[in-house]
Amino acid sequence: MDDVRIKMQTVPGEVRKHDFKPFLLGYAKEEAIQEAKRCLNCPIPRCQAACPINNDIPKFIQKIVEDDLEAAYKIIRAKSSQSEICGTVCPHEDQCEGGCVKGIKGDSIAIGSLERYISKWARENGIDTGDKASDKGKKVACIGSGPASLACAEELAIQGYKVSIIEKETFLGGVLTWGIPSYRLEREAVDHKIEVLKDLGVDFITDTQIDDLAKVRADYDAVFLGTGAPNSNLMGIPGEDLKGVYHADVFLTKINMLPLDEEGKRVWEGCGKKVVVVGGGNVAMDAARNAIRQPQTEEVTIVYRRTENEMPACKEELDHAKEEGIIFATLRNPVEFIGEDGSLKEVVCAVMELGEPDSSGRRRPVETEKRFRIEADTVVLALGFSNDKTIGANTDDLDTDKWGCFLIDEEGRTSAKGVYAGGDAVTGAATVVKAMAAGIKAARTIIEDLK
Ligand code: SF4
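Now for a description of the structure that goes with this document.

Parameters and conventions
- Position numbers for residues start from 1 in each chain and track the written sequence from start to end.
- In view of the model being predicted, local features appear only for residues whose pLDDT reaches at least 70, and side-chain atom pairs are presented and counted only at 80 or more, with totals across whole chains, interfaces and linings using the full set of residues.
- Water and hydrogen atoms were dropped before computing side-chain values, which therefore reflect all heavy atoms in the structure.
- Strands are runs of DSSP state E lasting at least two residues, helices are runs of H or I lasting at least four, and both sets are numbered from the N terminus onward.
- Atoms counted for the radius of gyration: C-alpha only. Globule rule: 2.2 Å times the number of residues to the power 0.38.
- Accessible area is worked out with a 1.4 Å probe on protein chains only. A residue is then buried under 20% of its type maximum, exposed over 50%, and partly exposed in between.
- Whether two residues touch is decided by their heavy atoms; if any such pair falls within 4.5 Å, the residues are in contact.
- Neither His nor the chain termini are counted; the positive set is Lys and Arg, and the negative set is Asp and Glu.
- The location of each charge is read from NZ of Lys, CZ of Arg, CG of Asp or CD of Glu.
- Salt bridge, as used here: a side-chain nitrogen of Lys or Arg that lies within 4 Å of a carboxyl oxygen of Asp or Glu.
- Cavity and pocket criteria rest on a 1 Å grid covering protein atoms alone: a 1.4 Å probe that fits but cannot get out defines a cavity, protein on both sides within 12 Å along at least 5 of 7 lines defines an open pocket, and an atom within 4 Å of a point defines a lining residue.
- Grid points are joined across faces, edges and corners, and a volume is the space filled by probe spheres set on the points.
- Just so you know the grouping, Ala, Val, Leu, Ile, Met, Phe, Trp, Tyr, Cys and Pro go in nonpolar, Asp, Glu, Lys and Arg go in charged, and all remaining residues, Gly too, go in polar.
- A pair of strands is treated as paired once DSSP finds two or more bridges between them.
- Only C-alpha atoms enter the line fits that serve as axes; for helices the fit covers just the stretch in contact. Angles between N-to-C directions range over 0 to 180 degrees.
- The scheme is simple: roughly parallel for angles under 35 degrees, roughly antiparallel for over 145, roughly perpendicular for 65 to 115, oblique for anything else.
- Should the near helix be turned counterclockwise from the far one by less than a right angle, the crossing is left-handed, whereas a clockwise turn marks it as right-handed.
- Here, expected helix span is obtained from the residue count minus one, scaled by 1.5 Å.
- What we call a nonpolar core is a set of buried Ala, Val, Leu, Ile, Met, Phe, Trp, Tyr and Cys residues that are connected through their side-chain atoms within 4.5 Å.
- Here a residue is near a molecule or strand as soon as one of its heavy atoms is found within 4 Å of it.

Tallying secondary structure elements over the chain gives 18 helices and 17 strands in all. In summary, the chain has a C-alpha radius of gyration of 22 Å against a globular reference of 22 Å for 451 residues, a match within 12%. Considering only C-alpha atoms, the chain reaches an extent of 65 × 65 × 50 Å along its principal axes. In the chain, which comprises 451 residues, the share counted as buried stands at 55%. Taking the contacts inside the chain whose residues are at least 6 apart along the sequence as the reference set, 70% of them involve residues at least 24 apart. Taken as two groups, the 59 positive and 76 negative side-chain charges of the chain have centres that lie 3 Å from each other.

Our next topic: the environment of Ala229. Assignment of secondary structure puts Ala229 in the loop between β6 (222–225) and β7 (231–232). A C-alpha to C-alpha distance of 8.7 Å links Ala229 and Cys405, two positions 176 residues apart in sequence. For Ala229, the contacting residues outside a window of four places in its chain are Phe385, Ser386, Asn387, Asp424, Gly428 and Ala429.

What follows concerns the pattern of salt bridges. Applying the stated rule across the entire model yields 37 salt bridges. Glu154 serves as the salt-bridge partner of Lys193, at 2.8 Å between the closest nitrogen and oxygen. Of this pair, Lys193 sits in helix α11 (residues 187–199) while Glu154 sits in helix α9 (residues 147–158), placing them 39 residues apart in sequence. In this structure Glu154 comes out as buried when scored by relative accessible area, which is 0%. A single salt-bridge network, built from bridges that share partners, covers Arg16, Arg184, Asp286, Arg289, Arg293, Glu317, Glu323 and Glu324.

This next bit is on the layout of surface pockets. In this approach, a probe sized like a water molecule rolls over the atoms, and the result shows the empty space that is left. As a volume, the second largest pocket reaches approximately 720 Å³. Along its surface, the second largest pocket is lined by 29 residues, and Arg5, Lys7, Ser113, Glu316 and His320 are the ones closest to its centre. For the lining of the second largest pocket, the element with the most residues is helix α15 (residues 315–323), which contributes six residues. Taken together, the residues that form the lining of the second largest pocket break down as nine nonpolar, nine polar and eleven charged.

Read across the open sheet, the five strands follow the order β8-β15-β9-β10-β11; overall the sheet is parallel. Across the chains shown, the open sheet's two edge strands, defined by having one partner strand only, are β8 (245–247) and β11 (327–330). The mean inter-strand angle of the sheet, taken between neighbouring strand axes irrespective of direction, is 20 degrees. For strand β10 (residues 299–304) and β11, the ladder comprises four bridges, and the chain directions are parallel. The residue of β11 that forms the bridge with Ile302 is Phe328. Helix-sheet contacts for helix α13 (residues 248–256) involve β8 and β15 (378–381), and the interaxial angle to β8 is about 90 degrees.

Phi is positive for Asn41, which is not a glycine, with a value near 50 degrees. Even without glycine at this site, Asp341 takes up a positive phi of about 50 degrees. Within the secondary structure layout, Asp341 lies in the loop between β12 (332–340) and β13 (343–357).

This part takes up the packing of helix α14 (residues 282–292) against α15. Where α14 meets α15, the axes come as close as 10 Å, and the angle between the chain directions of the two elements is 20 degrees. Taken together, α14 and α15 sit at an angle that is classed as roughly parallel. For α14 against α15, the interelement crossing comes out left-handed. Judged by residue contacts, Asn282, Met285 and Arg289 of α14 engage Glu317, Leu318, His320 and Ala321 from α15. Per-class residue counts for the contact of α14 with α15 are three nonpolar, two polar and two charged.

The next thing to look at is α11. Taking 1.5 Å of rise per residue, the 13 residues of α11 would be expected to cover 18 Å, and the 18 Å separating its terminal C-alpha atoms lies within 8% of that figure. When α11 is considered as a whole, its buried residues turn out to be Arg187, Ala189, Val190, Lys193, Ile194, Val196 and Leu197. Just past α11, the residue Gly201 takes up positive phi, approximately 95 degrees.

This part takes up the nonpolar core. Ranked by size, the top nonpolar core spans 106 residues in total, and within it Phe60 and Val277 carry the most contacts. It is helix α18 (residues 432–450) that provides the largest number of residues to this core, a total of ten residues. In contact with Phe60, other than residues within four places in its own chain, are Ala72, Ile75, Ile76, Ile111, Leu114 and Glu115. One finds Leu213, Ala416, Val419 and Ala421 within the second-largest nonpolar core, a separate group that totals 17 residues.

All right, on to the site of the ligand then. Inspection of the region around the ligand gives Cys39, Leu40, Cys42, Cys47, Pro58, Cys100, Val101, Lys102, Ile109 and Ile111 as its neighbouring residues. Of the residues contributing to the shell around the ligand, the split by class is nine nonpolar, no polar and one charged.

Right, let's get into α9. Taking 1.5 Å per residue, twelve residues should reach 16 Å; α9 reaches 17 Å between its end C-alpha atoms and fits that length. Every buried residue of α9 is accounted for by Pro147, Ala148, Ser149, Leu150, Ala151, Cys152, Ala153, Glu154, Glu155, Leu156, Ala157 and Ile158. One or two steps after α9, the chain reaches Gly160, where phi turns positive at roughly 95 degrees.

What follows deals with the sheet that holds β13. Read from one edge to the other, the open sheet built from three strands follows the order β12-β13-β14, with strand pairing classed as antiparallel. Lying at the two open borders of the sheet, with one neighbouring strand each, are β12 and β14 (363–375). The mean inter-strand angle of the sheet, taken between neighbouring strand axes irrespective of direction, is 20 degrees.

A few words on the packing of helix α5 (residues 69–77) against helix α8 (residues 111–124). Across the interface, α5 lies against α8 with an axial gap of 9 Å and an inter-helix angle of 105 degrees. Put simply, α5 runs roughly perpendicular to α8. Between α5 and α8, the contacting residues are Leu69, Glu70, Ala72, Tyr73 and Ile76 on the first element and Glu115, Tyr117, Ile118, Ser119, Trp121 and Ala122 on the second. A breakdown of the residues in the contact of α5 with α8 according to their chemical character gives eight nonpolar, one polar and two charged.

Listed below in structure tokens is the structure:
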């Protein structure tokens, strides 16, 4: 029998590029069992060692083989409170699947797809966290409602702490909602998580910006900062202020927060006909794929300063973007945006070459004299995200680094007494699973410190 990975069913690129409906159709039960049977149940599982939360991967996969889905879910849930989200959006090829021994000579086990299958099954069958401990009489505030805060709040609420999540936006979920499009991550997965927290007694306070911690520290026994890395990085080149030039956080929010129409579309007239997305990560792929789904948009080009081999985006995300007709212009880097009457008309790029490897190990892009021009009425800058420095600047005893990231000890404590932090607000933009793990770790430290 051929030992090839069972691929998840997907909606073809030509069909899905017209709407925002989820396109990952997932496994049927027989497919999940067939894929699980490929696992060797290794005595020293390299997959588990490569998982940021050390999930007991072979054990949950064997439970799928035995057709005991509830037991499989409970094994995953012991380490992960956001497994459906992580199973869908985490870069498995760089984590568990990258460690899988089967990947050395062939196809690694589709661990992410199996995790997603089990977790979605658990959600649809009403299986979740189990019992809540008795009331501890202590209050904790979690600032921000992204994956780190949700994980911290859930862990605390299960252990009997009264938790308030304080969110500056009108909507909940942070980057899971404004950043990750609904065709990639089903909104039901995020909504379900929020409902689970509400059932555990967590309060959600929206439209509330926290600029300094004085009041919140006075009102609560502990404070967790899960404020993420919400601000797009800039290029600093001429024409960046032209109409039609957007930062990725703004562009994604404008589209992702529109309601779905009856055809499953989110149509935003601010997106033009010819779109250029600058960057090579998953955010660039999301921005390009949001743009191609706009009925008025004719062409979307991703401009990246290295080659496809160095792109930080997951291979899967790259393939999905190509299947939807996104054009890739690699070894190109914008040096100027040209406008007419204040509106963007053209992107001038320097043609790049690859030089020696830099500190990241990737070959350094070197600018040449040659220029390359692309007609465009919309540009999206997807060059990574940085932290909001406001809370750090307004809180004397809270130490941050030069990028505004909160400095913490190994257990999640900041320099400010009773204040903890985790996720992108500490590390800079990273993965959902790492943010979730940091939220859980900080919650356990809070529990110890409040005893
Ligand atoms: Fe299964 Fe691969 Fe993990 Fe081995 S390394 S237990 S084959 S998933």
